[in-house]
Amino acid sequence: MRIFGAETMHKFAPMHRFAVTAVFALSCFAGKAQYENLDAYLERMAELKKYIGTVMLATDDKILYEKATGPAAAEPGTDGTVKMNTPESAYRIGSITKPFTAVMVLKSAENGVVSLDDKLAKWHPEVRNAEQISLRQMLSHTSGIPSYTDLSDMKDWKYRENRTDEMIIRIRDLQPEFEPGTRYKYSNSNYFLLGSVLEKLYNKPYEALLEEMVTGPLGMKKTGIDAVRNRIALSEGLSPTLSGWNAVPPVHPSVPYAAGALYCTANDLHTFSAAVFSGGLFKEEATLSKMKTPVQSNYGLGLFESEAAGEFALAHNGGIDGYSSTWMYFPDKGLHLILLSNNFISDHSSVADAAVRIHRGESTELPQARASKVLPLETLNKYAGAYSLDAGFLLDVRAAGGGLSCQIPGQERVQLQAANDTVFFSQIHNLEIVFTREDDGSTAYLTLEQAGYTFKGEPFNLPDHVFEPDAKVLARLAGDYEIRPGFDLRIFVRDGVLMGQATGQGAFELIAESETRYFATVAPIDIEFERDDDGRATGLKLRQAGQVLQADRKKEGPEGEKQPQD
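Bear in mind that the values here come from a model prediction, so they are computed numbers and not experimental data.

About the thresholds
Residues numbered from 1 in each chain as written. Predicted model: local features only at pLDDT ≥ 70, side-chain atom pairs only at ≥ 80, totals over all residues. Heavy atoms only, no water. Helix = DSSP H or I, 4+ residues; strand = E, 2+ residues; numbered from the N terminus. Buried < 20%, exposed > 50% of the residue type's maximum accessible area, 1.4 Å probe, protein only. Polar contact = N/O pair within 3.5 Å; in protein donor to acceptor, adjacent residues only side chain to side chain. Expected span 1.5 Å × (residues − 1). Salt bridge = Lys/Arg side-chain N within 4 Å of Asp/Glu carboxyl O. 1 Å grid on protein atoms, 1.4 Å probe; cavity = no way out; pocket = protein on both sides within 12 Å on 5 of 7 lines; lining within 4 Å. Points joined across faces, edges and corners; volume = space filled by probe spheres on them. Nonpolar A, V, L, I, M, F, W, Y, C, P; charged D, E, K, R; others polar. Phe/Tyr/Trp six-rings, centres within 6.5 Å; stacked < 30°, edge-to-face > 60°. Lys NZ or Arg CZ within 6 Å of the ring centre and 35° of its normal. Pairing = 2+ DSSP bridges. Axes fitted to C-alpha atoms, helices over the stretch in contact; angles between N-to-C directions.

Right, let's get into the environment of Asn298. Within the secondary structure, Asn298 sits in the loop between helix 9 (285-292) and strand 7 (304-308). For Asn298, a relative accessible area of 4% puts it in the buried group. Each C-alpha atom of the pair Asn298 and Leu314 lies 9.8 Å from the other, and the pair is 16 residues apart in sequence. At 3.2 Å, the side chain of Asn298 forms a polar contact with the side chain of Ser297.

Right, let's talk about helix 2 (residues 97-110) for a bit. The end-to-end C-alpha distance of helix 2, which contains 14 residues, comes to 20 Å, matching closely the 20 Å that a straight helix rising 1.5 Å per residue would cover. Here helix 2 lies mainly inside the structure; 13 of its 14 residues are buried.

The next thing to look at is the pattern of salt bridges. A full pass over the atoms with the stated rule returns 26 salt bridges. Residue Lys185 is joined to Glu177 by a salt bridge in which the shortest nitrogen-to-oxygen separation is 2.8 Å. Several salt bridges converge on common partners, so that one network encompasses Glu513, Arg517, Asp526, Glu528 and Arg543.

Right, let's get into empty space enclosed by the protein. Scanning the entire structure with this criterion turns up three cavities of 30 Å³ or more. Approximately 50 Å³ is the volume found for the second largest cavity. Looking at the second largest cavity, the residues that line it are Val127, Arg128, Asn129, Ile133, Ser143, Gly144, Ile145, Pro146, Ile171, Arg172, Leu174 and Pro176. Of the residues contributing to the lining of the second largest cavity, the split by class is seven nonpolar, three polar and two charged.

What follows covers the packing of aromatic side chains. Enumeration over the complete set of coordinates arrives at 18 aromatic pairs. Centre to centre, the rings of Phe277 and Tyr329 are 4.2 Å apart; their planes meet at 10 degrees, and the pair counts as stacked. Separated by 52 residues along the polypeptide, Phe277 in helix 8 (residues 266-278) and Tyr329 in strand 9 (residues 323-330) bring together distant segments of the chain. Relative accessible area serves as the criterion here: at 11%, Phe277 is assigned to the buried category. Judged by relative accessible area, which is 9%, Tyr329 ranks as buried. The lysine or arginine in question, Arg170, covers the ring of Trp157, its NZ or CZ lying 3.9 Å from the ring centre.

What follows deals with the environment of Leu64. Among the secondary structure elements, Leu64 is positioned in strand 2 (residues 63-69). C-alpha of Leu64 to C-alpha of Leu335: the two residues are 271 residues apart in sequence and 9.5 Å apart in space.

Here the focus is the pairing of strand 19 (residues 479-484). With five bridges connecting them, strand 19 and strand 20 (residues 487-494) associate as antiparallel partners. Bridge pairing in strand 20 links Tyr481 to Leu489. Where strand 19 folds back onto strand 20 in an antiparallel hairpin, the turn is made up of two residues, including Gly486, whose phi is positive at roughly 85 degrees. Pairing between strand 19 and strand 26 (residues 547-553): two bridges, direction antiparallel.

Below, the discussion takes up the sheet that holds strand 17 (residues 443-450). Spatially, eight strands are ordered 11-12-13-14-15-16-17-18 in a closed barrel, and the strand pairing comes out antiparallel. Along the sheet, successive strands turn relative to each other by an average axial angle of 30 degrees, direction set aside. As paired strands, strand 12 (residues 394-400) and strand 13 (residues 403-407) are joined by five bridges and run antiparallel to one another. Paired with Arg398 across the bridge in strand 13 is Ser405.

Have a look at this one:
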């Protein structure tokens, strides 16, 4: 289960770790015996479905270690065997695309084609705050532009080709989250727009510029965007199940674009890494310094400060449906670590720590399956129900097979095993839920942990019955409701169903409890309409996460004809 799924939050966003204050020196290279320990570790991780894919350790000019584990496809091929990952396998690398985009922008600045202080308004004045947002702020995620991958309707268009101008319309309508330069918040919109700026600067497609400026000069023949056109056979994106693996439908590359569309092999990424950190891609040493020096938080201009097993690193991670990736460089010893996986929830953090420890000549214990127990239905039923997560979603929990199952709308249902009476886990999804109970045995709240993120969820009582209002009632509710200046909630009818859509966000379905009260099934949102004597809505109250927002209906526009924003 992905709490940060593509249809909800940062599917292309990195699963990064934060910088440490001390810098530790790496020891001399580990010998063959230590790398045999890493072989055994990775094989065990693959057996447990906790990590599959390619792992590489290298200096600038030498591969020290490489190994691939796990299946490269969900189903057997025509010869009846399942294709397996190899060190030469190509994978989609998600947000590791961003450093490639950053390199092209920085090279353009070196060559005088553009200034990092140029404002976005030169190319995209339609984006809110564009006249205040610099390319430097977009590179460092300090622009305040929200991420388009937060749009709740992303699942409706992420599998088809989208024109760049279509995508920019979605970004254009997003409400700024803060004043440019005042804060850091990771946003895929920044790098999508930077890709468009590059195309406008050179009047060439992004992929052609990538080949001209980076992959061509470096001889990276298995790196690009369109694997089908380039005849590159990618390892298939997979999702683990209790009995095997399922294929994950691929996001169309036009959606992640310059923020997350690239595929790559470990060898190609090592070539890129060595070129970046040797300074071979830049004319001036100061350019690399800009790239790796944090602006705010731990992010520079396309690179994070990070760590593994206590060792300081410069890095970027990535995740896109069916794939996850980690690229780390340890500057004290010139060590490159590359992890490419065809499973979105592979445990990169544990593998990176193990690889660095083993490289130092230390040993590491092999991972073990977590012990579980079967609980009686009476105990399990106490936890069944809906929970409002502080991430803004509803979590549906049910009793299932001696344990529990849970599901977020739009994502797969996940089976949970019981560690004890209050702790449940999914080993293959790296997920744990802990229930805290009241004195009477009822659930007070739950805590969900996954991939380093923690969420609190409180019981959410759904209506006991669903009411079916007629079409005339729904038509009289349709209209725009002003929550605050510049931010409206649009209510409209689609195929006989009442829908809601906030400015710059995706549409969601509303289910009726009565003629005037409605709730969303995708998030803990409750809406109560206020009506005049003729039954026409004049305003509404929206309740979410303990907040009550009052919104008056705007006067303009006929009833029932409001349509969703594109």
